[in-house]
Amino acid sequence: MSISAYYDAIAQCNKCGFCQVACPIFRSTGNESGVARGRLAILRALIEDRLQWSRELEDPLYDCLLCGACTSNCFPAIPTSDLLIKARSEYLDTIGRKSIHRLLFDKILPYPKRLHLAARAVALGKNSGVSKLAGALGLLRIFGHDFARAERIIDRFPVHPLRKSFRPGVYQGQGRNLRVAYFVGCGVDTISQSAGEATLSLLMRFSSAVHILDNNCCGLPAWSYGDIAASRKLAERNLPLMDGDRFDVIVTDCSSCAAFIKKYPLLFTDNDSCTERARDVASKTRDVSEWLAAEAVPSSAALKGKRVTFHDPCHASRGQKIVKQPRDLLKQIPGAEFVEMPEADWCCGGAGAYALSHFDLAMQVLDRKMENLGKTKADILVTTCPACITQLSFGVRRHGMDVKVKHLTEVIQS
Ligand code: SF4
Ligand code: SF4
């Protein structure tokens, strides 16, 4: 659907500028084209034919983190990030998709085995130093023009996916009569595996059966890029694995996946055959912090005497309104001291693979987060999104801080 269909929402911008203070990109660059007011002005100019679609629009359309902070600070609550996704979609229809994204969204992400093979190739390249060399020679710019610098954000890449150690299938649990489906996010599967292992241990402790799904990507990366058709196809492939009455609840330890699966009904029209399935699946999906808040009492002894703080993933705090649950859990850990971080819901700059194409901006946003982390004097920084874990871990290394970055499931029962 053309961006012109959203003219009324775009025209609600009264140009007050209150979004400036909340926007991590504007606070870094000071550029009007990088804040909601400026981005909406560009969309309005496109609709009113005062501006033409061109490659020059790539930056104002794609340097947004999609963090949603502007909407929280906007009196008419204009959903700028959603509108930008519609605009990205029209941009792709007009200007064309990049070949690397066609490969990723059409040929790799719909197939877990191919994702695992691709991740293994990346791991071998990364861990042997080949990708660093290739990046330095400019051979991998196809992944993003800042690949050479962004390559170091991931310290070490696991060679095997989580689902090699924990094959998809049903596992018996020791908890109450509850059938849980575990949706495995790509980031947990291929990078943040200790988080996945900790989550599975908790799921098995508190339920009678855990079904590790053979799901593909949730579709969020394609959606964020503006490839709405690709994200719909990814969702369509996942729905038959999760719908019906086989499971009481679907849990994922990636807040980004959880937020997007809850949005699945928006991908389809009322007439699509998938719509009912999408509603059913969305209604049963829980971010792991929501699920844990209802099921588990923290009992970790490993955090005794430690200061713990929490970073809100944008897809948890703004995408799902989950703020209180992880904090309540952390405050209950025996002997641990919870300390609130200033601007805890300020984006970390991870935003999927943002740094591959906007490394400097991603680092400016990350540096602000690290400055706030330093004020807490925390020993452990906890969050619930693997992309945030990767970005924050790099931030800690970049600033030489003695802070461990962990997923919530890794700290509440150990
Ligand atoms: S806060 Fe909202 S209404 Fe005000 S300038 Fe920003 S986008 Fe427009
Ligand atoms: S979504 Fe975030 S980065 Fe994008 S304009 Fe809004 S506040 Fe700025």
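Quantities reported herein were computed from a predicted structural model and do not represent experimental measurements.

**Quick look at the packing of helix α15 (residues 228-242) against helix α17 (residues 275-284)**
Alright, step 1. Between α15 and α17, whose axes approach to 10 Å, the crossing angle comes to 65 degrees. As far as their axial angle goes, α17 and α15 are roughly perpendicular. Here α15 and α17 pass one another in a crossing that is left-handed. Residue-level contacts link Ala235, Leu239 and Met242 of α15 to Arg277, Ala278 and Val281 of α17.
Alright, step 2. For the contact of α15 with α17, the per-class residue count stands at five nonpolar, no polar and one charged.

**Focus: the sheet that holds strand β5 (residues 285-287)**
In a beta sheet, neighbouring strands are held together by backbone hydrogen bonds and run either parallel or antiparallel to one another.
Alright, step 1. Here five strands make up an open sheet; going across it, the order is β1-β3-β2-β4-β5 and the pairing mixed. Among the strands making up the open sheet, the edge pair consists of β1 (169-172) and β5. Geometrically, the sheet is characterised by an average inter-axis angle of 30 degrees between neighbouring strands, direction not taken into account.
Alright, step 2. Where strand β4 (residues 249-252) meets β5, three bridges bridge the pair, whose relative direction is parallel. Following the sheet pairing, threonine 252 is matched in β5 by aspartate 287.

**Section: the sheet that holds strand β9 (residues 404-407)**
Alright, step 1. Taking strand neighbours across the sheet as the criterion, the four strands line up as β7-β6-β8-β9 in an open arrangement whose pairing is parallel. Of all the strands in the sheet, just β7 (337-338) and β9 have a single pairing partner and so form its edges.
Alright, step 2. This element, helix α20 (residues 324-331), spans β6 (307-310), β7 and β8 (380-383) of the sheet and lies at about 175 degrees to β6.

**Some thoughts on the domain arrangement of the chain**
Alright, step 1. Here the domain parsing of the chain yields domain 1 (3-95) and domain 2 (297-411).
Alright, step 2. On a C-alpha basis, the centroid separation for the pair domain 1 and domain 2 is 28 Å.
Alright, step 3. The interface is formed by 10 residues belonging to domain 1 together with 10 residues belonging to domain 2.
Alright, step 4. Of all the secondary structure elements, the ones that give two or more residues to the side of domain 1 that touches domain 2 are α2 (24-29) and α5 (69-72).
Alright, step 5. The greatest single-element share of the side of domain 1 that touches domain 2, amounting to three residues, is contributed by α2.

About the cut-offs
Residues numbered from 1 in each chain as written. Chains lettered and ligands numbered in written order. Predicted model: local features only at pLDDT ≥ 70, side-chain atom pairs only at ≥ 80, totals over all residues. Axes fitted to C-alpha atoms, helices over the stretch in contact; angles between N-to-C directions. Helix = DSSP H or I, 4+ residues; strand = E, 2+ residues; numbered from the N terminus. Parallel < 35°, antiparallel > 145°, perpendicular 65-115°, else oblique. Left-handed = near helix turned anticlockwise from the far one by under 90°. Contact = placed C-beta atoms within 7 Å. Nonpolar A, V, L, I, M, F, W, Y, C, P; charged D, E, K, R; others polar. Pairing = 2+ DSSP bridges. Domains from an automatic or database assignment.

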